[in-house]
Structures are given as structure tokens and as C-alpha cells.
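Listed here are the chains, written in short residue letters.
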Amino acid sequence: MNVKLALPAALLAVLSLSACGDDESPSASDPTPETTSETPSEPETELETETEETEETEGTDSGDAPLSGDVTAPGTELSIGDTAILPVTYGTNGQATLEVTVTGIEEGTSADLEAAKVKNAADYTPFYIQMEMKILDANDDFGSYGPGSDFDGLTGSSKAGSLIVFGDFEPCNDDAFEYDSKVGDTATTCVPALTTKGSVVDGVQFSGGTDEYDQFDGKPVVWK
């Protein structure tokens, strides 16, 4: 399993300061997280696992009409357990309106990360965002959908680190709907988040769908 770590700058700074205060300085041979900075404001942690390729099939056929129904307004603040109606988009033409309930946030352990062969796993704590989803409306290009790219954990008001999993991550798989999903289908799913040891993921934000929900150009929907 290949693993790439890329954490928010604030988390890396905490780790750096912690290392400076240790009684014993790590040697040059000690392993360190591999970090990247594709977009400093939206870093992600990638866990790559072996998985079989899935051939895309035709999704539901609900026509090309605009998606109907009221959606939760950008910037809405909800409590854990509350439900939002959210527009999601992906790929070229994929569109759907989902009913989404964040049912809880569970704390994982460093052992979960060690099992996934994450370097310096003891420095981090994973959190698992539990969600229930239902497809309310979809266009004819709607196929598979996982919430990992649209939902993030929050530590206070700051975005937590992300774990993007290719393959199976047994404690928390973020797959939700398969390629043959249709209106009315439901799914229970999970989005993993990551923070430094001692910090807590205590919120969730949705910043996907349309630009109105974007964390920079709009206002995400937040559960706290």
C-alpha cells in the first residue's frame, strides 16, 4: 500500500514544534511523513490501496430537466443529527440532490493508521464522520458517488486533514452510491478526517456542489 501524507500547514507546524521539544532528537534515519502541497489551503492525505477497477455503467434515467426541490441555504449552521438537502455535482454532467444527515463523529485510534501503514501514525488521530444519505433527484448521468470530496472534518473553525482512500480502509469507507443508483436509494457512509494527537474533529462542512457552497467563494453548510 502506498501512502502519501499532506496535512494542513498548522498541523505540520505543531508536529515541528513538538519535535523540537523532545529530549531526544530524531536521527537522520528516522522516518518522517511524506508531505505534498498541491494547494496549501486545501491539503489532503492520500491512502492508496490496491483495488480492482470498476467499469462505469449507465446511471439512472431521470431526464435532462433541472433538478427540483428546495435545498439548504449556503452558510446554514446545523447540529450533529440534523438533515440537509444538498446539490452535488461530479464528473462532466453528474448532478443529484441528496438528503444528508450527519449522524455522528467517532474517534479512531493510531492503530487504525498503523494498519494502513501510515508513517508516524502515532502522531495523528483519525476521526470518522458518519452520514446517512438519500437520493432525492438525479439527472440521467448520475452514477456512483462518494462524499469524500465534498465533506470535510472541522477542528474548531479550521479544516482538518483529509484521508482520501483508494481501495478499502476498513474503519471508514466513504463509498456511498454505486453506478446503478437511482432516485430513492439510501446509503450509510463514512468520511475519515485526520488531526494531530490531542486535537479533536468536532464539526463537519459541506463545500461541494455549486460555487455558493465553496469554502472560499461561497459559504459551506456546517454541522457542529
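Structural notes, computed from the coordinates.

The helix and strand tally for the protein stands at two helices and 12 strands. Starting at the N terminus and walking to the C terminus, you meet the elements of the protein as β-α-β-β-β-β-α-β-β-β-β-β-β-β. Counting only residues that meet the buried cut, the protein has 41% of its 224 residues in that class. For the protein, the share of sequence-separated contacts (at least 6 apart) that also reach a separation of at least 24 residues comes to 74%.

This brings us to the nonpolar core. With 29 residues, the main nonpolar core has L86, L98, M133, F151, F177 and W223 as its most contacted residues. When contributions to this core are tallied by element, the ones reaching two or more residues are β4 (83-90), β5 (94-107), β6 (124-138), β10 (186-196), β11 (203-206) and β12 (221-223). Top element by residues in this core is β6. It accounts for six residues. Judged by nonpolar contacts, the second largest core, of 12 residues, contains L113, Y124, V165 and F169.

Moving on to the sheet that holds β12. Across the sheet, which stays open at both edges, the five strands sit in the order β3-β12-β11-β7-β8 with mixed pairing between neighbours. Looking along the sheet, the strands with just one partner apiece sit at the ends: β3 (77-78) and β8 (158-159). Pairing of β11 with β12 involves three bridges; the strand directions are antiparallel. Residue pairing across strands places V204 opposite W223, the latter belonging to β12.

Bringing the state of the cysteines into the picture now. Counted by the stated rule, this structure contains one disulfide. The side chain of C172 participates in a disulfide bridge whose partner is C190; the two sulfur atoms lie 1.8 Å from each other. Judged by the torsion about the S-S bond (-105°), the C172/C190 disulfide is left-handed. Here C172, found in the loop between β9 (161-166) and β10, pairs with C190, found in strand β10; they are 18 residues apart in sequence, far enough to count as distant.

What follows is about the pattern of salt bridges. What the rule picks out here adds up to three salt bridges. In this structure, the salt-bridge partner of K159 is D152, at a minimum N-O distance of 3.9 Å. In this structure D152 comes out as buried when scored by relative accessible area, which is 7%. With a closest N to O distance of 3.1 Å, D202 and K224 form a salt bridge. On the criterion of sequence distance, the pair formed by D202 in the loop between β10 and β11 and K224 in the segment after β12 is long-range, its members being 22 residues apart. The class of D202 is partly exposed, set by a relative accessible area of 36%. When its relative accessible area of 41% is taken as the criterion, K224 is described as partly exposed.

A word on the environment of E107. Residue position: E107 is located in strand β5. According to the relative accessible area criterion, E107 is exposed, its value standing at 57%. Residues E107 and A193, spaced 86 residues apart in sequence, show a C-alpha to C-alpha distance of 9.6 Å. The contact partners of E107, leaving out residues within four places of it in the chain, are T125, P126 and F127.

Turning our attention to the packing of aromatic side chains. This structure, assessed with the given rule, holds four aromatic pairs. Aromatic pair F151 and F206: ring centres 5.1 Å apart, planes at 50°, arrangement tilted. Of the two residues, F151 is situated in strand β7 (residues 151-155) and F206 in strand β11; the sequence distance between them amounts to 55 residues. Each member of the pair F151 and F206 is classed as buried.

Reading the values: rules and limits
Residues numbered from 1 in each chain as written. Predicted model: local features only at pLDDT ≥ 70, side-chain atom pairs only at ≥ 80, totals over all residues. Heavy atoms only, no water. Helix = DSSP H or I, 4+ residues; strand = E, 2+ residues; numbered from the N terminus. Buried < 20%, exposed > 50% of the residue type's maximum accessible area, 1.4 Å probe, protein only. Contact = heavy atoms within 4.5 Å. Core = buried A, V, L, I, M, F, W, Y, C linked by side-chain atoms within 4.5 Å. Pairing = 2+ DSSP bridges. Disulfide = S-S within 2.5 Å. Salt bridge = Lys/Arg side-chain N within 4 Å of Asp/Glu carboxyl O. Phe/Tyr/Trp six-rings, centres within 6.5 Å; stacked < 30°, edge-to-face > 60°.

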